[in-house]
Amino acid sequence: MSAAGVSRRARPAKAPLSREVIVETGLRILDRDGAAALTMRRVAQDLDTGAASLYVYVANRDDLMAAMLDHVLGTVPEPVGASWRDRLTQLVDATVAAMSRHEGLALVALGTIPTSPNALRLMELMLRALTEAGLDGRTASWAVDLLYLHITASAAEQSVHDTSGGTERDYLADVARCFAQLPADRYPTIVAMRDTMLSGGGDARAAWAVRVLLNGILATRAD
């Protein structure tokens, strides 16, 4: 005799669907199984519902990814510091870190204009700091575009490294092996500078890059 089926009434009650619940479920799948596993069908399965039910709250996978990105940007804390430069540097670093923790989200940011609520919050904070630095509105506006491009590109690169499972030391070792095999007659400058090119950790390079951007923005007004 077959076992009796489990009545729907005996099952735990499902959490009501909402855009927030769908976004949080999408992030769990993304972080656990990677970007390739994130589909509307998979999210629906995790929520014990049909894929059609999700479209009441999100238009498609791209809309879901954009909502997930905005959710992650909402975790970036408001920077604190005595100077505009300290606050802006903190904001850049924290945003890169937040984006890079989730595979594929930085690529979403690279391909879209930052108009979601939490992206606009970060833009507002950047503009406040740049205005405090004495920049005119045009230069500050263009500077935000440049800084956001730096943030998304840096986060995309870091996310790829994190997803590969290797460490910074592993990455540098691979590059060092490549450089060691280069013929000096064809690449004389790279061979001469290969040790210098591999010097300095990722954090030091990231901090230097932000200093270069801010110094350049201050010295180059938009006209």
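Residues numbered from 1 in each chain as written. Predicted model: local features only at pLDDT ≥ 70, side-chain atom pairs only at ≥ 80, totals over all residues. Heavy atoms only, no water.

Colleague: Quick one: what's the story with the overall build of the chain, residue by residue and with numbers?
Modeller: The secondary structure content of the chain amounts to 11 helices and zero strands. In summary, the chain has a C-alpha radius of gyration of 23 Å against a globular reference of 17 Å for 223 residues, an excess of more than 25%. Oriented by its inertia axes, the alpha-carbon framework of the chain measures out at about 80 × 50 × 30 Å. Looking at the chain alone, contacts between residues at least 24 apart form 66% of all its contacts between residues at least 6 apart. As presented, the chain carries roughly 13,500 Å² of accessible surface, and 56% of it is formed by carbon and sulfur atoms. Mean positive and mean negative side-chain charge positions of the chain (23 and 26 charges, respectively) differ by 6 Å. (Helix = DSSP H or I, 4+ residues; strand = E, 2+ residues; numbered from the N terminus. Rg over C-alpha atoms; globule rule 2.2 N^0.38 Å. Contact = heavy atoms within 4.5 Å. Areas by Shrake-Rupley, 256 points an atom, 1.4 Å probe, with all protein chains shown as cover. Lys, Arg positive; Asp, Glu negative; His and termini not counted. Charge placed at Lys NZ, Arg CZ, Asp CG, Glu CD.)

Colleague: Outline the packing of helix α5 (residues 84-100) against helix α8 (residues 137-164), listing residues and values.
Modeller: It is at 8 Å that the axes of α5 and α8 come closest, and there the two elements cross at 40 degrees. One element, α5, and the other, α8, form an angle in the oblique class. Note that α5 runs across α8; the crossing there is right-handed. Of the residues in α8, those in contact with Leu88, Val92, Thr95, Val96, Met99 and Ser100 of α5 are Leu147, Tyr148, His150, Ile151, Thr152, Ser154, Ala155, Gln158, Ser159 and Asp162. Taken together, the residues of the contact of α5 with α8 break down into eight nonpolar, seven polar and one charged. (Axes fitted to C-alpha atoms, helices over the stretch in contact; angles between N-to-C directions. Parallel < 35°, antiparallel > 145°, perpendicular 65-115°, else oblique. Left-handed = near helix turned anticlockwise from the far one by under 90°. Nonpolar A, V, L, I, M, F, W, Y, C, P; charged D, E, K, R; others polar.)

Colleague: Pulling in residues and values, what's your account of the nonpolar core?
Modeller: In this structure, Leu64, Met68 and Met99 are the most contacted members of the largest nonpolar core, which totals 53 residues. The set of elements that each furnish at least two residues to this core consists of α1 (19-33), α2 (40-46), α4 (61-73), α5, α6 (105-110), α7 (117-132), α8 and α11 (202-219). Residue contributions to this core peak at eight residues, all from α8. The residues contacting Met99, other than those within four sequence positions of it, are Leu69, Val72, Leu73, Leu105, Ala106, Ala109, Tyr148, Ile151, Thr152 and Ala155. (Core = buried A, V, L, I, M, F, W, Y, C linked by side-chain atoms within 4.5 Å. Buried < 20%, exposed > 50% of the residue type's maximum accessible area, 1.4 Å probe, protein only.)

Colleague: An account of the environment of Leu135 is requested, with residue identities and associated values reported.
Modeller: Tracing the sequence through the fold places Leu135 in the loop between α7 and α8. Classification of Leu135 by relative accessible area gives buried; the value is 7%. Excluding anything up to four places from it in sequence, Leu135 contacts Leu130, Ala140, Ile217, Leu218 and Arg221.

Colleague: So what's going on with the packing of α5 against α7? Which residues, and what values?
Modeller: Between α5 and α7, whose axes approach to 9 Å, the crossing angle comes to 155 degrees. Between α5 and α7, the angle is such that the two are roughly antiparallel. In this structure, α5 crosses over α7, and the sense of that crossing is left-handed. Residue-level inspection shows Trp84, Arg87, Leu88, Leu91 and Thr95 of α5 in contact with α7, the latter providing Leu122, Leu125, Met126, Ala129, Leu130 and Glu132. Taken together, the residues that form the contact of α5 with α7 break down as eight nonpolar, one polar and two charged.

This is a description of form; function is not addressed.
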